[in-house]
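# Report on the structure
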Amino acid sequence: MKKISLLLSILALTLCASGQSQVTLVVDAGASKHQISRHIYGHFSEHLGRCIYDGYWVDPAMQVPKQDRIRLDIVDALKKIKIPNLRWPGGCFADEYHWRDGIGPREQRPTMINTNWGNVTEDNSFGTHEFLLLCELLDTEPFIIGNVGSGTVEEMSRWIEYLNFDGVSPMTNLRKENGRDEPWRVTYWGVGNENWGCGGNMTPEYYVTQYRQYSSFAKNYPGAPLRKIACGASGANYQWTEVLMQGLAAGGGRGAMWGIDLHYYTRPPRGRIPGQGVPPQGQQQGVQIPSQASATSFTEETYFATLRNALRLEEIIEGHDAVMTKYDSLKRIALVVGEWGIWTDPEPGTNPRFLYQQNSLRDAIIAGSTLNIFNNHCDRVRMAQLAQTINVLQALVLTEGPKMILTPTYHVFDMFKAHHDAMMLPVKFTSPDYVIGDQRLPALNVSASKDSLGVVHMTLVNIDPNNPVNLSATLDQVKWSSVKGQILTSARITDINTFDNPSNVRITGYDGAGKKGNLLTAVIPAKSIVLLEIK
Ligand code: AHR
């Protein structure tokens, strides 16, 4: 016995000396209570930059497979990762969008200025029918955001009638004249977007009153009961949630909310790059403060600070959940994270209001860590949307004319689709630290689930770019005999996919896991995302 503990101590010392950490992890299948809604894996597409126009919806002359003007190569790529829902038309755009401008013969549709995103002319060629055709092609559920900021109660109410009513009515007739007999039966319905900011600069108290009025006329038509989603807070603004819950949680009937739409973006730090000196006194005027927010060129210090900002979302979700639980202890109201992702500087040479950014292994690590957070909080977080699918912010797909590439973030969603609608399995462990100077972050984050066939999936993210994590796991109440896996990693955290090298960062086979008696052992390499399938 003494010899064994001596050997273990020597092993631990050797691992420490080599920078490797040993983690013991327990997956408790017996304690599984909550389902991971596939809607956590949703996406967002706004009329912004090249997401809709020159993204999904292209020039008729472009030489790519298309249905109408919708790019089918993009549709195929997104179908592969089974996107469960798509949020549209914004974003800030939603609160200046008037849906009637986007129906009927395209050549007769009025134009408008997209004031939030570069003052470009919106020709309304992509409207309600086009969006819902896109959703049908993607086999995904629409999540439409109505205009509260600059619209009217009547306008929103008529849109819902146009979309969802099957009887005889002016809106049904109009829909039929425009070529669609059957209602679409859209159920996910957002009552405004960021109404504390671009959606009307409202106080929470004023928004609550607006919500009550708008939602009273947002009707449930047969076969289309609405799941109304209220505008939620920005980041850690718990006061917004408090006022919303106080005013609406007990609403029932007309004032009922299905969910609250929280937004949180990960921003890299700005300002002086650590390690670079401050300009001497007297020479500071006119000196450009270098940005650390490049999507492709950043130091490990910036990486660390950015990851810290990303991981903060867990504390923010817990903060909002605690407020919501005061009014809704049964967790009937969902926390929807309707916009999330990393927001870097735009790519040099592009229109800064188009928010076109590259996407690196770092961003994939942020995506994997965020999805693990959502999975582990699936009792409250039942829907989320990454911003945004194509060519905007943390995109899944980038395009250049007819060329298209899949980003590292796309591959994360491909791996994590194993969790869709599976039962979450609680995982207990103490993470080793990822240390820079005197600062530390948990190096490892994990989530696990069991699907309807009894297969257990674990997703493990090692954010430490320098050290692997060795783990041994006990799977309580799971019968299993084999483990296989996939991995996403690359040589550098700044690695990206480009139009010349589209598969630089890609999923590969993983053989770092095994079975030793009842223990599952695995080595999670530095800066990697690993999916294990255990059965
Ligand atoms: O996703 C870009 C913008 O970020 C959205 O339009 C807005 O809702 C948020 O501030």
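Scroll up to find the structure this text is about.
Attention in this report is confined to the structure presented alongside it. Note that the structure is a prediction, hence the values are computed from the model and not measured. (Residues numbered from 1 in each chain as written. Predicted model: local features only at pLDDT ≥ 70, side-chain atom pairs only at ≥ 80, totals over all residues. Heavy atoms only, no water.)

So, about the sheet that holds strand E26 (residues 519-524). Reading across from one edge, E17-E1-E22-E26-E25 is the order of the 5 strands in this open sheet, with mixed pairing throughout. Edge positions in the open sheet fall to strand E17 (427-429) and strand E25 (513-516), since each of these has one partner strand only. For this sheet, the mean angle separating the axes of adjacent strands, direction not counted, is 25 degrees. (Pairing = 2+ DSSP bridges. Helix = DSSP H or I, 4+ residues; strand = E, 2+ residues; numbered from the N terminus. Axes fitted to C-alpha atoms, helices over the stretch in contact; angles between N-to-C directions.)

All told, the structure shown has 22 aromatic pairs when counted by the stated rule. The interplanar angle of 85 degrees and the centroid separation of 5.5 Å between the aromatic rings of tryptophan 159 and tryptophan 189 together place this pair among those described as edge-to-face. Pair noted here: tryptophan 159 is in helix H4 (residues 153-164) and tryptophan 189 is in strand E9 (residues 188-191), with a separation of 30 residues, a long-range link. By relative accessible area, tryptophan 159 is classed as buried at 2%. Among the aromatic residues, ring-to-ring pairing joins Trp57, Trp88, Phe93, Tyr97, Trp99, Phe126, Phe131, Trp159, Tyr162, Trp184 and Trp189 into one connected group. One cation-aromatic arrangement involves arginine 87 over phenylalanine 44; the distance from NZ or CZ to the ring centre is 4.7 Å. The ring of tyrosine 188 carries the charged tip of arginine 227 above its face, separated from the ring centre by 4.1 Å. (Phe/Tyr/Trp six-rings, centres within 6.5 Å; stacked < 30°, edge-to-face > 60°. Buried < 20%, exposed > 50% of the residue type's maximum accessible area, 1.4 Å probe, protein only. Lys NZ or Arg CZ within 6 Å of the ring centre and 35° of its normal.)

Put plainly, two cysteines are in a disulfide when a covalent bond ties their sulfur atoms together. In the structure shown here, the tally under the stated rule is 1 disulfide. Between the sulfur atoms of cysteine 92 and its disulfide partner cysteine 198 the distance amounts to 2.2 Å. What sets the handedness of the cysteine 92 and cysteine 198 disulfide is the S-S torsion sign, and at about -90 degrees it is left-handed. Here the residue cysteine 92 occupies a position in the loop between strand E5 (85-88) and strand E6 (112-114), and cysteine 198 occupies one in the loop between E9 and helix H6 (204-216), the gap between them amounting to 106 residues. Classification of cysteine 198 by relative accessible area gives partly exposed; the value is 34%. With no disulfide of its own, cysteine 231 lies 8.9 Å from the sulfur of cysteine 198, the closest cysteine sulfur. (Disulfide = S-S within 2.5 Å.)

Positionally, lysine 515 belongs in strand E25. Each C-alpha atom of the pair lysine 515 and threonine 115 lies 58 Å from the other, and the pair is 400 residues apart in sequence. Not counting the four nearest positions on each side in its chain, lysine 515 is found in contact with Trp480 and Ser481. Polar contacts involving the side chain of lysine 515 include one to the main-chain carbonyl oxygen of glycine 517, which spans 2.9 Å. (Contact = heavy atoms within 4.5 Å. Polar contact = N/O pair within 3.5 Å; in protein donor to acceptor, adjacent residues only side chain to side chain.)

The final tally for this structure, using the stated rule, is 2 cavities of 30 Å³ or more. In this structure, the largest cavity encloses a volume near 40 Å³. Considering the residues around the largest cavity, the lining is formed by Tyr264, Thr266, Ala310, Leu313, Trp340, Gly341, Ile366 and Thr370. Grouping the amino acids of the lining of the largest cavity by side-chain chemistry returns 5 nonpolar, 3 polar and no charged. Reported here for the second largest cavity is a volume of approximately 30 Å³. Around the second largest cavity, the lining residues are Tyr97, Trp99, Asn147, Glu155, Met156 and Trp159. (1 Å grid on protein atoms, 1.4 Å probe; cavity = no way out; pocket = protein on both sides within 12 Å on 5 of 7 lines; lining within 4 Å. Points joined across faces, edges and corners; volume = space filled by probe spheres on them. Nonpolar A, V, L, I, M, F, W, Y, C, P; charged D, E, K, R; others polar.)

Moving on: the pairing of strand E13 (residues 381-387). Across the 7 residues that make up E13, a large majority, 6, are buried. Where strand E12 (residues 334-342) and E13 come together, 4 bridges link them in parallel fashion. Of the residues in E13, the one forming a bridge with tryptophan 340 is leucine 386. Each parallel crossover has a hand, and the one from E12 via helix H9 (residues 361-376) to E13 is right-handed. (Right-handed = clockwise from strand over helix to strand, strands pointing away.)

Take H6 next. Look at H6: 18 Å from first C-alpha to last across 13 residues, which is about the 18 Å you get at 1.5 Å a residue. For H6, every residue scored as buried is listed here: Pro204, Tyr207, Val208, Gln210, Tyr211, Tyr214, Ser215 and Ser216. Next to the buried residues of H6 lie H4, E9, strand E10 (227-234) and helix H7 (238-248). (Expected span 1.5 Å × (residues − 1).)

On to the pattern of salt bridges, then. With the rule as written, the count across this model stands at 29 salt bridges. Where aspartate 321 meets lysine 331, a salt bridge forms, and the shortest distance between an N and an O atom there is 2.8 Å. Here aspartate 321 is found in helix H8 (residues 300-327), whereas its partner lysine 331 is found in the loop between H8 and E12, with 10 residues between them in sequence. Within this structure, Asp321, Asp328, Lys331, Asp379 and Arg380 form a network of salt bridges that share partners. (Salt bridge = Lys/Arg side-chain N within 4 Å of Asp/Glu carboxyl O.)

As a further point, take the packing of helix H3 (residues 128-138) against H4. Viewed as axis vectors pointing N to C, H3 and H4 meet at an angle of 50 degrees, and their least axial separation amounts to 12 Å. When the interaxial angle is binned, H3 and H4 end up oblique. Both H3 and H4 take part in a crossing whose hand is right-handed. Residues Thr128, His129 and Leu132 of H3 lie in contact with H4, whose contacting residues are Trp159, Tyr162 and Leu163. Classifying every residue of the contact of H3 with H4 by side-chain character gives 4 nonpolar, 2 polar and no charged. (Parallel < 35°, antiparallel > 145°, perpendicular 65-115°, else oblique. Left-handed = near helix turned anticlockwise from the far one by under 90°.)

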